[in-house]
Amino acid sequence: MKTTEHTGMLKKALLISIFLPGYLSVSQAQTGLTLQQALHTAQKNNPFLKPEQLNTNIAQSDVITAGLRPNISLNNQTLQLMNDKYFATGTQFQSPHNRQVWWQVTKPFQLANQRKYKQEVAIKNVAVTEKNYAGTELSVLLETGNKWLDVWYNKVNLDLVEKAKGNIDSLVTTQLIRLKNQVISESDLARTQLLAEQYQLQLQQAVQSYQSEAQHLQLLTGNPDTVAIDTEDPVITLSITEQLDSLLNLSYQQRPDIQVAQNTIEAAKSNIKLQRALAIPVPEMGVIYNPQNTVPYFGFFGTIDLPFFSRNQGEIKKSKFLLQQSEQSFSAVKQQIKTDVQTAFSAYLVNKEAIRKYSGILGKSTQVLTSVKYAYARGGTTIIDFLEAQRTWFDTRKMYYTALYDYRKSYLQLLYVTGLINQL
């Protein structure tokens, strides 16, 4: 009678200790950064973006420089008689009768709209710089988003290993009691302990990986404190049309690199006009006041380069090549965008379908584990069957998280190649 009661108590203890609820989900996530919050924080605080922002200010300073007008030049020449025998009668060395003074005020005059074209080129270079910054920002957002996913993957993996190890540790404790009461063999205990040790090693690695990835995310977001993420964030919150042509058209409108290419073409066209204008000589004109030995003279001054040799031929030719180069770059960028979108879209669809199929696989692995657990608790199967079911459940769950990680990563990549990632 006692043996029967003792066996019943062992079975109840086994059921309570190893078949805890929560096998089907990862432990509750601590409140932390969502993916969207991480991206917004990176936009404001990323240490690599801050110096890039100054490039726009630098380009805007060139607009101010281009709008400046040439300064007025003041020229003075003073000639003093040195030999007193030539001095005017009854005068000393310092007398103005023994001196000739030349005062000249001149100013360069920019012709052929040179100042206008300088401003035009500078303004269009500002637009190029702004789009370059937008491209850098998108790259930082993609890196931050991927790093957030790395932290998420390592966190759910850590939680999964912790839960699996906790359940196996409870089973080891129960197995020790059962061995003491000669319900199981030493081999059953050894197999259980071996799996527990494997989980312990995986746990150590998972903790290290999670901490390392969290530190990298902390750097990218410019956060001075340790970063914790919200593992319950669904991530995929922005609806995307699944029509390839629509995505391509959207990319041509949104991508900063194609906008850079377009603005570079416009700047190159303005530069051609500027270089042709600079071929026109800049005259310098002014007035002269020239008192000679107290006799005042007034006159006009003018000078201009004679364009016999230099007519800015080299810069004009170079500006035309720069336009050709920018047009070819635009064509290359357009081809690159098409390839990027097609590749990212295909990967997104494949990973999306994989996630859909995993829902059924997860359910089957859970059913198998539940059945084997029930049978093992009642002595209807061996420890080998139970441990195998446990490994299968664990591996399936881990493969699901890997597939979900790939799906979310392909989603971010698709947002990046279409230029939509900053709209999250």
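Quantities reported herein were computed from a predicted structural model and do not represent experimental measurements.

## Quick look at the overall build of the protein chain
Okay, step 1: When its secondary structure is counted, the protein chain shows nine helices and four strands.
Okay, step 2: Along the protein chain, from the amino end to the carboxyl end, the secondary structure elements read α-α-α-β-β-α-α-α-α-β-β-α-α.
Okay, step 3: The C-alpha atoms of the protein chain give 40 Å as radius of gyration, which overshoots the globular expectation for 424 residues (22 Å, by more than 25%).
Okay, step 4: With the C-alpha coordinates aligned to their principal axes, the bounding extent of the protein chain is approximately 150 × 55 × 30 Å.
Okay, step 5: Here the protein chain holds 424 residues, and the buried ones make up 40% of them.
Okay, step 6: Across the protein chain, the fraction of contacts at a sequence separation of at least 24, relative to all contacts at a separation of at least 6, is 82%.
Okay, step 7: A total accessible area of about 23800 Å² is found for the protein chain, and carbon and sulfur atoms account for 55% of it.
Okay, step 8: With 42 positive and 34 negative side-chain charges, the protein chain shows a separation of 4 Å between the mean positions of the two kinds.

## Observations regarding the nonpolar core
Okay, step 1: Judged by nonpolar contacts, the single largest core of 68 residues is most densely connected at Trp 148, Trp 152, Phe 386, Leu 414, Ile 421 and Leu 424.
Okay, step 2: Per-element tally for this core: the top contributor is helix α9 (residues 383–417), with 17 residues.

## Digging into the confidence of the model for the protein chain
Okay, step 1: Taken as a whole, the protein chain shows an average pLDDT of 88; of its residues, 92% reach a score of 70 or greater.
Okay, step 2: Overall, residues 1–30 carries pLDDT values under 50, and its contacts beyond four positions in sequence, including any with other chains, amount to 53 contacts.

## Details of the sheet that holds strand β2 (residues 99–108)
Okay, step 1: One open sheet holds the four strands; their spatial order is β1-β2-β3-β4, and the pairing between them is antiparallel. Of all the strands in the sheet, the pair left with one neighbour each is β1 (73–80) and β4 (298–303). Strand-to-strand, the axes of this sheet are offset by a mean angle of 20°, without reference to chain direction.
Okay, step 2: Here eight bridges tie β1 to β2, and the two strands are oriented antiparallel to one another. Looking at the pairing, Ser 73 lines up with Thr 106 of β2.

## Thoughts on the packing of aromatic side chains
What describes a pair of aromatic rings is the distance from one ring centre to the other and the angle between the planes of the rings.
Okay, step 1: Taken as a whole and assessed by the stated rule, the structure comprises nine aromatic pairs.
Okay, step 2: Here Tyr 153 and Tyr 405 contribute two aromatic rings whose centre-to-centre distance is 5.2 Å and whose plane-to-plane angle is 45°, an arrangement assigned as tilted. Here Tyr 405 lies in helix α9 and Tyr 153 lies in helix α4 (residues 114–180), a separation of 252 residues in the sequence. The pair Tyr 153 / Tyr 405 is uniform in exposure class, with both members buried.
Okay, step 3: In this structure an aromatic cluster arises from ring pairing among Trp 152, Tyr 358, Tyr 400 and Tyr 401.
Okay, step 4: Lying across the ring of Trp 152, Arg 408 places its NZ or CZ 4.6 Å from the centre.

## Brief notes about a nonpolar patch on the surface
Okay, step 1: Taken together, the side chains of Ile 72, Leu 74, Trp 103, Val 105, Val 287, Tyr 289, Phe 298 and Phe 300 define a hydrophobic patch exposed on the protein surface, amounting to about 890 Å² of accessible area.
Okay, step 2: Listing elements by their share of the nonpolar patch, those giving two or more residues are β2, β3 (284–289) and β4.
Okay, step 3: The class of Val 287 is partly exposed, set by a relative accessible area of 34%.

## Some words on the side chain of Glu 120
Okay, step 1: For Glu 120, the position within the fold is in helix α4.
Okay, step 2: You can call Glu 120 buried: its relative accessible area is 18%.
Okay, step 3: Polar contacts involving the side chain of Glu 120 include one to the side chain of Ser 270, which spans 2.5 Å.
Okay, step 4: With residues up to four places along the chain from it excluded, the contact list for Glu 120 reads Ser 270 and Lys 273.

## What about the packing of helix α2 (residues 35–45) against α4?
Any two packed helices are characterised by the angle at which their axes cross and by the distance between the axes.
Okay, step 1: Closest axis-to-axis distance for the α2/α4 pair is 9 Å, and the angle between their directions is 140°. One way to sum up the angle between α2 and α4 is to call them oblique. Along this stretch, α2 crosses α4, giving a crossing that reads as right-handed. Residues Leu 35, Ala 38, Leu 39, Ala 42 and Gln 43 of α2 form the contact with α4, whose own contacting residues are Glu 137, Leu 141, Thr 144, Gly 145 and Trp 148.
Okay, step 2: Looking at side-chain class alone, the contact of α2 with α4 contains six nonpolar, three polar and one charged residues.

## Focus: the pattern of salt bridges
Okay, step 1: Counting across every chain of the model gives 13 salt bridges.
Okay, step 2: The shortest N-O distance in the salt bridge between Lys 273 and Glu 120 comes to 3.1 Å. Taken together, the positions of Lys 273 in helix α7 (residues 256–278) and Glu 120 in helix α4 put the pair 153 residues apart, joining distant regions of the chain.
Okay, step 3: In this structure, Asp 169 and Lys 165 form a salt bridge, with 2.6 Å as the shortest nitrogen-oxygen distance.

## Quick word on unusual backbone geometry
Okay, step 1: Backbone geometry at Ala 112 places phi at a positive 55°, although glycine is not the residue there.
Okay, step 2: Secondary-structure assignment places Ala 112 in the loop between β2 and α4.
Okay, step 3: Backbone geometry at Asn 293 places phi at a positive 55°, although glycine is not the residue there.
Okay, step 4: Summarising the element assignment, Asn 293 is placed in the loop between β3 and β4.

Reading the values: the criteria
Along each chain, the written sequence defines residue order, and numbers are assigned to residues from 1. The predicted origin of the model limits local features to residues at a pLDDT of at least 70 and limits the giving and counting of side-chain atom pairs to 80 or more, whereas totals for whole chains, interfaces and linings rest on all residues. Side-chain measures here rest on the full set of heavy atoms in the structure, leaving out hydrogens and waters. A run of DSSP states H or I qualifies as a helix once it reaches four residues; a run of E qualifies as a strand once it reaches two. Both are numbered from the N-terminal end. Only C-alpha atoms enter the radius of gyration, while the globule expectation follows 2.2 Å times N to the 0.38, with N the number of residues. Three exposure classes are used, based on accessible area relative to the maximum for each residue type with a 1.4 Å probe and protein chains only: buried under 20%, partly exposed in between, and exposed over 50%. Any pair of residues with heavy atoms lying within 4.5 Å of one another is described as a contacting pair. Areas reported as accessible are Shrake-Rupley estimates using a 1.4 Å probe. Residue values count occlusion only from the protein chains shown. When charges are counted, Lys and Arg are positive and Asp and Glu negative, with His and the chain ends excluded. Note on charges: their place is set at NZ of Lys, CZ of Arg, CG of Asp or CD of Glu. Take the buried Ala, Val, Leu, Ile, Met, Phe, Trp, Tyr and Cys residues and link them wherever side-chain atoms come within 4.5 Å; each set so joined is a nonpolar core. Per-residue confidence from the predictor is reported as pLDDT, which spans 0 to 100. For two strands to be treated as a pair, DSSP must find no fewer than two bridges joining them. Simply put, an axis is a line fit to the C-alpha atoms, just over the touching stretch for a helix, and the angle between two N-to-C directions goes from 0 to 180 degrees. When the centres of two rings from Phe, Tyr and Trp lie within 6.5 Å, Trp using its six-membered ring, the rings pair. Their planes under 30 degrees apart give stacked, over 60 give edge-to-face, and anything left gives tilted. By definition, being over a ring means that NZ of Lys or CZ of Arg is both within 6 Å of the ring centre and within 35 degrees of the ring normal. Each patch is built from residues lacking any salt bridge and having more than 30% relative accessible area; the joining distance is 9 Å for like charges and 5 Å for nonpolar side chains (Val, Leu, Ile, Met, Phe, Trp, Tyr). One speaks of a salt bridge when a side-chain nitrogen belonging to Lys or Arg is within 4 Å of a carboxyl oxygen belonging to Asp or Glu. Definition of a polar contact: a pair of N or O atoms within 3.5 Å, with one able to donate and the other able to accept a hydrogen when the atoms are protein atoms, and with sequence-neighbouring residues admitted only if both atoms are side-chain atoms. Should an angle fall under 35 degrees it is taken as roughly parallel, and over 145 as roughly antiparallel, whereas 65 to 115 is taken as roughly perpendicular and any remaining angle as oblique. Helix crossings are classified by the rotation of the near helix relative to the far one: an anticlockwise turn of less than a right angle makes the crossing left-handed, while a clockwise turn makes it right-handed. Classification convention: Asp, Glu, Lys, Arg as charged; Ala, Val, Leu, Ile, Met, Phe, Trp, Tyr, Cys, Pro as nonpolar; all other residues, Gly among them, as polar.

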